[in-house]
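Architecture at a glance
Residue-level listing of the chains:
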Amino acid sequence: SNFMVGNGYLGYRGTRPDQRAEGFVGCVVSDTYDMADGVWRELCTVPNGLFVTLTANGHPLTFDPTHDAEVELTLQTGEYTHRATWTAGEIGASVSVRRFASMDDLHVVMQEVTVTALHSMALDVYAGIDTEVWSLNGDHLGPIATHRENGLATARCTTQESRVAIAVATSWRIDGDTTAMEPGDTVTITSAMAVASSNDDDVPFGPLERVFHSAETAIAAGYRDALEVSAIAWATFWDTADVVIEGDDAAQAALRFSIWHNRIATPAHTDRLPIGARGLSCQAYQGAAFWDQEMFNLPAYLLTAPEIARRILVYRWRTLDGARRKAARLGYEGAYYAWISGITGDELCPDFFFDDVLTGRPIRNHFNVWQMHVSPDIAITVDRYWEATGDDDFI
């Protein structure tokens, strides 16, 4: 999670391109709420369109933990980098992985894998979509259909409970001679992964057409040009969001790291989605809003990006009926905001999810009954927003 990349629409965890579900690879996508286990409704992780494996002289080339590795997150531009030695027996290569989630096209994550031979080798590259999906609370996607079409690899599925259609497309390019690499020779594998769902506001013709367009556009632009365009958006954000601390490098780094994670967790592109308590780093806490949204996330935007703060509060206005339903269920008048709030504002925290360890008897939890401060937290934040902006139209 520390080295994930994201843009508020999706989050891609900081894993290597050769890792699979057992390594907790995950691309978590906003507005894909689904329940698979009968208890927890959560965001979905989708098929991994940045999967790359390598073989050298016919033997798997894999990350070698006995050598030094370097992992880096460049907050200024939103880029993840992983540099390490991969080996296949006595043969080795230096492998550099670069990755970013686009702030220009929110559907896109791009990756560049550069292999530098340390020995003579013939390199085979396997790139495409891995449909082995890691999920915390059950299989949300059911059957996944994969195809090669129009020069792209695609994966399509529909969430089993909520019936959200999800499409993933990947386009790739390989630069360099893989057949006879000598020490110092390089091969670069560029992948452009695009994700869309039927819930997205910008897919009028369906998610498949959207991912085709996004993946093809990104791979045509190339990694560096696409990163440069995305970095311009990050520069605009940092112009107002950055806080400078002099004389304490650790505090400066920690603060910028927090500002970064706050931004990639925030669905700033819409006013109908919450900020998940774990952001888009995984499915824990269901990608849902807690009181943290108003008390911790929103204040960072209040004076730097008030339009984002407004969207966060519009989300609470849109989910007011869910808060009214919760109040009625508990015997109250008015509105009682959910302890865990998703797309509708209805309470996502189940009444029972603990069992007595001796008897197996379900034990009533009181998170969603006694945490009454959520509603006044929101009311106070509305007042703070108005004081900061004077936005009478919103009121």
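You'll find the structure just up there.
These remarks concern the structure in this document. Remember, it's a predicted structure, so these values are computed and weren't measured experimentally.

Rules and cut-offs
- Residues numbered from 1 in each chain as written.
- Predicted model: local features only at pLDDT ≥ 70, side-chain atom pairs only at ≥ 80, totals over all residues.
- Heavy atoms only, no water.
- Helix = DSSP H or I, 4+ residues; strand = E, 2+ residues; numbered from the N terminus.
- Buried < 20%, exposed > 50% of the residue type's maximum accessible area, 1.4 Å probe, protein only.
- Polar contact = N/O pair within 3.5 Å; in protein donor to acceptor, adjacent residues only side chain to side chain.
- Contact = heavy atoms within 4.5 Å.
- Pairing = 2+ DSSP bridges.
- Axes fitted to C-alpha atoms, helices over the stretch in contact; angles between N-to-C directions.
- Parallel < 35°, antiparallel > 145°, perpendicular 65-115°, else oblique.
- Left-handed = near helix turned anticlockwise from the far one by under 90°.
- Nonpolar A, V, L, I, M, F, W, Y, C, P; charged D, E, K, R; others polar.
- Disulfide = S-S within 2.5 Å.
- Phe/Tyr/Trp six-rings, centres within 6.5 Å; stacked < 30°, edge-to-face > 60°.
- Lys NZ or Arg CZ within 6 Å of the ring centre and 35° of its normal.
- Expected span 1.5 Å × (residues − 1).

1. Some words on the side chain of Thr 266
Tracing the chain through its elements places Thr 266 in the loop between helix 3 (249-265) and helix 4 (292-297). A relative accessible area of 1% means that Thr 266 is categorised as buried. Within the local environment of Thr 266, its side chain forms a polar contact with the backbone oxygen of Asn 262, the two atoms lying 2.7 Å apart. With residues near it in sequence (within four places) discarded, Thr 266 still touches Asn 7, Gly 8, Ile 275, Tyr 301, Ile 308 and Ile 312.

2. Some words on the pairing of strand 3 (residues 27-35)
Within strand 3, eight of the nine residues are buried, leaving the element largely enclosed by the surrounding structure. Summarising the sheet, strand 2 (residues 10-12) and strand 3 pair through three bridges and their orientation is antiparallel. Bridged to Leu 10 within strand 3 is Val 29. Sheet topology places strand 3 next to strand 4 (residues 41-45); four bridges connect them, and they run antiparallel. Paired with Val 28 across the bridge in strand 4 is Thr 45.

3. Points about the sheet that holds strand 3
Reading across from one edge, 1-2-3-4 is the order of the four strands in this open sheet, with antiparallel pairing throughout. In this open sheet, the two edge strands, each paired with only one partner strand, are strand 1 (5-6) and strand 4. Two elements, strand 1 and strand 2, share two bridges in a ladder whose sense is antiparallel. Paired with Gly 6 across the two strands is Gly 11, which belongs to strand 2.

4. Overview of the packing of helix 2 (residues 223-241) against helix 3
Running from N to C, helix 2 and helix 3 point in directions that differ by 125°, and their axes come no closer than 12 Å. Regarding the angle of helix 2 to helix 3, the classification is oblique. In this structure, helix 2 meets helix 3 at a crossing whose hand is right-handed. Of the residues in helix 3, those in contact with Trp 234, Phe 237, Trp 238 and Ala 241 of helix 2 are Arg 256, Ile 259, Trp 260, Arg 263 and Ile 264. Looking at the contact of helix 2 with helix 3 residue by residue, the classes come out as seven nonpolar, no polar and two charged.

5. Comments concerning the state of the cysteines
Applying the stated criterion to the full structure yields zero disulfides. This cysteine, Cys 157, is not joined by any disulfide, and Cys 44 carries the nearest cysteine sulfur, 7.8 Å off. Owing to a relative accessible area of 8%, Cys 157 belongs among the buried residues under this scheme. Lacking any disulfide linkage, Cys 282 is separated from the closest cysteine sulfur, that of Cys 27, by 13 Å. Classification of Cys 282 as buried rests on a relative accessible area of 9%.

6. Focus: the packing of aromatic side chains
A complete count under the given rule lists 15 aromatic pairs for this structure. An angle of 75° between the planes, with centres 5.2 Å apart, marks the rings of Phe 100 and Tyr 223 as edge-to-face. Within this pair, whereas Phe 100 is found in strand 9 (residues 91-101), its partner Tyr 223 is found in helix 2, the two being separated by 123 residues in sequence. On the basis of relative accessible area, Phe 100 is assigned to the buried category, the value being 1%. You can call Tyr 223 buried: its relative accessible area is 2%. Among the aromatic side chains, those forming a connected cluster through ring pairs are Trp 40, Phe 353, Phe 354 and Phe 367. Lys 326 extends its terminal NZ or CZ atom over the ring of Tyr 336, reaching a point 4.3 Å from the ring centre. The ring of Phe 352 has Arg 364 sitting right over it, with the charged end atom 5.8 Å from the ring centre.

7. Some points on helix 6 (residues 306-318)
Between its first and last C-alpha atoms helix 6 spans 18 Å; for 13 residues at 1.5 Å apiece the expected length is 18 Å, and the two agree. Taken residue by residue, helix 6 has Ile 308, Ala 309, Ile 312, Leu 313, Val 314, Tyr 315 and Arg 316 as its buried positions. Tucked inside the fold, the buried residues of helix 6 contact helix 4, helix 5 (299-302), helix 7 (320-329) and helix 9 (374-389).

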